[in-house]
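Take a look at the letters that make up each chain.
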Amino acid sequence: IFGLEIFIPRTTTIILLALGLPVLFIFGWSTIRGGMRGLFTFYFNMDSLIALGTLVAYFTGLFSLFFSIQDYSGVSAMIMAFYITGKYVEAKARGRASQEIKKLLELGAKKARILKDNKETEVDISEINIGDILIVRPGEKIPTDGIVVKGESSVDESMVTGESLPVEKKKSSNVIGATINQDGILYVKATKVGKDTFLAHIIKLVEEAQSEKVPIQVLADKITSVFVPSILVLAILTFGGWLYFSGDLSKSIAASVSVLVIACPCALGLATPTALMVGSGMGAKRGILIRKGEAIQTMKNVKFIVFDKTGTITKGKPEVTNINSSVKENYLLEIAASLERLSEHPIARAIVEKAKMKKYREVKGFKILRGRGVEGKIGKSDIVIGNRTLMNERKISFKEFEEITGKFESEGKTTMIVAEKGKAIGVIAVADALKEDSVLAVTSLNKAGYETVMITGDNEKTARAIAKQVGIKEVIANVLPEDKARKVEELQKKAMVAFV
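Quick look at the structure, then. The structure displayed is predicted, hence computed values, not measured ones.

Core analysis: the largest hydrophobic core is formed by 19 residues, its most contacted members being L339, I351, I385, V418, I428 and V430. Listed by contribution, the elements that provide at least two residues to this core are α13 (329–340), α14 (346–355), β13 (373–378), β14 (381–386), β15 (414–420) and β16 (423–434). Of all the elements, α13 adds the most residues to this core, at four residues. Apart from residues no more than four positions distant in its own chain, V430 is found in contact with P318, E319, V320, T321, I347, A350, I351, K413 and T414.

Next comes the structure, spelled out in structure tokens:
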């Protein structure tokens, strides 16, 4: 029986040492190596505490085979397993978040057409020089930031400005790399290339945001840099004190080891990664990607929730929202869609999408009137579709629709007047429609006591109309992306801000 009493604990210790070996020295090797390096370079961090605590705990198992001291070797593997699992989860979250930068890089064009000596040459994007004349056809991405020297077109700048409707460009207009040319050929003189472009600047901002430490991290680093050497000194004093007063080497080792093992920061090293795993797991189920564990902690201080408009509160593409006509609605849509299907403009596509016709009427003499509308002939009837400017230009009266047009425009909608044989027969209103759940989301946040704010590149009238529909009280309009950060910083002086 006496032999069995000795044999069972020894066997258990050997099994624990064997099972703990790969956990510490294979899976946890990078943590131990980094932590032990910190002890020699006097740069202490969380790895230093984990490495110190787990190694000392592990070696108590070895010492217990030869000396009469308590065995903590099983604890060492458990601590390391929790810690590296937490780090793995955080690394996965950060890895997925870093794909944001990859997506931004993919937004840019890969090739460009350069005009040299009246000849077109296709080159890689990296070969563009300042001053080169680039040819951009309809549907193509503008290769780099520049200025239009020839041609007219509308450009989809929604990825940069948040403005869902395209912007008209003509000679001397500035254009931004990675935005999409819509329906005309543009000749663009390159003014910025490589790292100086707008897209590169945005990518840099995202990278900086990902690498910056939040205040709680800085505080944790400061505490750790003092905590680790303090524990080491305390463990040495404990060993010396016990040895001096008791003269028992085994008890002295046990006491100093106890200090190191108990001081191993389980609250930071185990509870934090576990909370991170649970928090990020629950977030992932709801489609929320958490890049850093600190974000979970920081969220409790949020007072302002700032929303971007396009693609966040709205769907990000124009849709027909209202039709008002003096003829049958089907007839109005039929002639409007027959003309608009020949245009690449997003408003034209919205009208065609609304009509969903199988067969269109034949259109003759179709013409795009840049920034105003379109015209053409269906049968013997001259059809003109466009804004107020075009109607006034053609001396077409739309008095019958004046009031409804003003109403639609006050709601931030783009209004197209349809005229047949010189007479206005109807109005089609197009807008960037709300997402189905935007009102519910904003209402819930308002009830929870958050201050909801909308920030957008859109004009004030459109922005306020959208904000009113969803229940957002504060609106910041006409803001470019690089200015959005500054506007958020102004709000941050009042309270913590979450940007959606």
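Resuming the write-up.
What follows covers the side chain of S381. Relative to the helices and strands, S381 is located in strand β14. Classification of S381 by relative accessible area gives buried; the value is 10%. A distance of 3.5 Å separates the side chain of S381 from the side chain of E420, its partner in a polar contact.

On the surface, a nonpolar cluster with roughly 500 Å² of combined accessible area is contributed by F59, L62, F63, F66 and F67. Tracing the chain through its elements places F59 in helix α3 (residues 46–64).

Before going further, it helps to examine the environment of L199. Examined against the element boundaries, L199 turns out to sit in helix α7 (residues 198–211). Judged by its relative accessible area of 13%, L199 is buried.

The subject of this paragraph is the sheet that holds strand β8 (residues 180–181). The three strands lie next to each other as β6-β5-β8, forming an open sheet whose pairing is antiparallel. Since the sheet does not close on itself, it has two edges, and those belong to β6 (167–169) and β8, each with one partner.

Time to look at the pattern of salt bridges. Scanning the model with the defined rule gives 16 salt bridges in all. A salt bridge links E319 to K315; its shortest N-O distance comes to 3.4 Å. Judged by relative accessible area, E319 falls into the partly exposed class, the value being 25%. Residue class for K315 comes out partly exposed when judged on its relative accessible area of 35%.

This part is about unusual backbone geometry. Residue N118 is not a glycine yet carries a positive backbone phi of 60°. With respect to the helices and strands, the residue N118 is situated in the loop between β1 (111–116) and β2 (119–124). Taking the relative accessible area as the measure of exposure, N118 reaches 76% and is therefore exposed. A positive phi angle is found at A178, which is not glycine, with a value near 85°. Secondary-structure assignment places A178 in the loop between β7 (174–175) and β8.

Attention now moves to the sheet that holds β2. The strand order across the open sheet formed by six strands is β2-β1-β3-β9-β4-β7, and the pairing between neighbours is antiparallel. If you trace the sheet from one side to the other, it starts and ends with β2 and β7, each paired once. Two strands pair when backbone bridges link them, and β1 and strand β3 (residues 133–136) are joined in this way by two bridges, in the antiparallel orientation. Paired with I114 across the two strands is L134, which belongs to β3.

The rules behind the values
- Residues numbered from 1 in each chain as written.
- Predicted model: local features only at pLDDT ≥ 70, side-chain atom pairs only at ≥ 80, totals over all residues.
- Heavy atoms only, no water.
- Core = buried A, V, L, I, M, F, W, Y, C linked by side-chain atoms within 4.5 Å.
- Buried < 20%, exposed > 50% of the residue type's maximum accessible area, 1.4 Å probe, protein only.
- Helix = DSSP H or I, 4+ residues; strand = E, 2+ residues; numbered from the N terminus.
- Contact = heavy atoms within 4.5 Å.
- Polar contact = N/O pair within 3.5 Å; in protein donor to acceptor, adjacent residues only side chain to side chain.
- Patch = residues over 30% accessible without salt bridge, like charges linked within 9 Å, V, L, I, M, F, W, Y side chains within 5 Å.
- Areas by Shrake-Rupley, 256 points an atom, 1.4 Å probe, with all protein chains shown as cover.
- Salt bridge = Lys/Arg side-chain N within 4 Å of Asp/Glu carboxyl O.
- Pairing = 2+ DSSP bridges.

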